Amino acid sequence: MKLLEGKNVIITGASRGIGKGIAQVFAEHGANVAFTYSSSEAPALELEKELEGLGVKAKAYKSNAASFGESEDLVAKVLEDFGGIDVLINNAGITKDNLLMRMGEDDFDAVIEINLKSVFNMTKAVQRTLLKQRKGSIINMSSVVGVKGNAGQTNYAASKAGMIGFTKSVALELGSRNIRCNAIAPGFIETEMTDKLDEKTVQGWRDAIPLKRGGSPEDVANACLFLASDMSAYVTGQVLNVDGGMLT
Ligand code: NAP
């Protein structure tokens, strides 16, 4: 059964990693996929072709999620190209890890702007469309780190915890219009973001996972599929941990 047949979806940051996994799973389920990237043009165009090969409409857009203006322009273009928006996935994110003692102001600001302010930018930009149709699902890619904190990631943890507060508030504001908003808190998912970590840190994460493995982008994408589709029609304001049991 295709769970998203004919639905129009925007995913931020889908040129690689988790976003790419979501785009692939959603297209397999019949969704038309508009997605963004920051600098990886060639992989984004390759993904566009791959998704079109699955028989859906797909388009890659270069857009900086941290920019309010670019987010507004992006949504306007997607509405023109796709004719509507049913699902927004705020996935774009970065890390700039350091102990607080050594963290510069620029690294704090960049992580907050790209990970958290972007969620405000994109949610504002799609809000009117979702309100008019009295239906929509917004999914915010938080992290277990936003729930439990992590040494060396004060900026990242603050951005991901902020996303949870934002998610719950949007769920309360827009629930009466049948617009749902949920967050996903992935644990250790093997992508380029985690490739940057040293082997000792990676082993530490793996040891702490009851399922004894890192997750895949597809593991996260399947949780997104549930939250985007009518399978979760009565679920809003929640944080779904996709972490192999890490926070148990
Ligand atoms: P990734 O492999 O580093 O991919 C990040 C994606 O975000 C890329 O497509 C990148 O585009 C895009 N991006 C970065 N800055 C952007 C900007 N300013 N505007 C638009 N797009 C931007 O990361 P990932 O591991 O897939 O993570 C995806 C999300 O899941 C992030 O929010 C991350 O915090 C969250 N998460 C990841 C893990 C994990 O273990 N991997 C765990 C918990 C949460 P370019 O390719 O063009 O740079």
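Residues numbered from 1 in each chain as written. Predicted model: local features only at pLDDT ≥ 70, side-chain atom pairs only at ≥ 80, totals over all residues. Heavy atoms only, no water.

Draft legend 1. Summary view of the pairing of strand β5 (residues 136-141). Most of β5 sits inside the fold, with six of its six residues counted as buried. Alternating residues of β5 divide into G136, I138 and N140 and S137, I139 and M141, and every residue in both groups is buried. Relative to β5, strand β4 (residues 87-90) runs parallel, the two sharing four bridges. Residue pairing in the sheet places V87 in a bridge with S137 of β5. A crossover connection joins β4 to the parallel β5 through helix α4 (residues 105-133); in handedness this β-α-β unit is right-handed. By the bridge criterion, six bridges tie β5 to strand β6 (residues 179-186) in an arrangement that is parallel. Bridge pairing in β6 links M141 to I184. (Buried < 20%, exposed > 50% of the residue type's maximum accessible area, 1.4 Å probe, protein only. Helix = DSSP H or I, 4+ residues; strand = E, 2+ residues; numbered from the N terminus. Pairing = 2+ DSSP bridges. Right-handed = clockwise from strand over helix to strand, strands pointing away.)

Draft legend 2. Just the nonpolar core, in detail. Counting 34 residues, the largest nonpolar core has I11, I22, F26, V33, F35, L51 and I184 as the members making the most contacts within it. Among the secondary structure elements, those contributing two or more residues to this core are β1 (8-11), α1 (17-28), β2 (32-37), α2 (41-52), β3 (58-62), β4, β5 and α9 (217-228). Setting aside its immediate chain neighbours within four residues, I11 contacts G19, I22, A23, V33, A34, F35, T36, I89 and N91. Core analysis: the second largest hydrophobic core is formed by 19 residues, V78, M122, L130 and L174 among them. (Core = buried A, V, L, I, M, F, W, Y, C linked by side-chain atoms within 4.5 Å. Contact = heavy atoms within 4.5 Å.)

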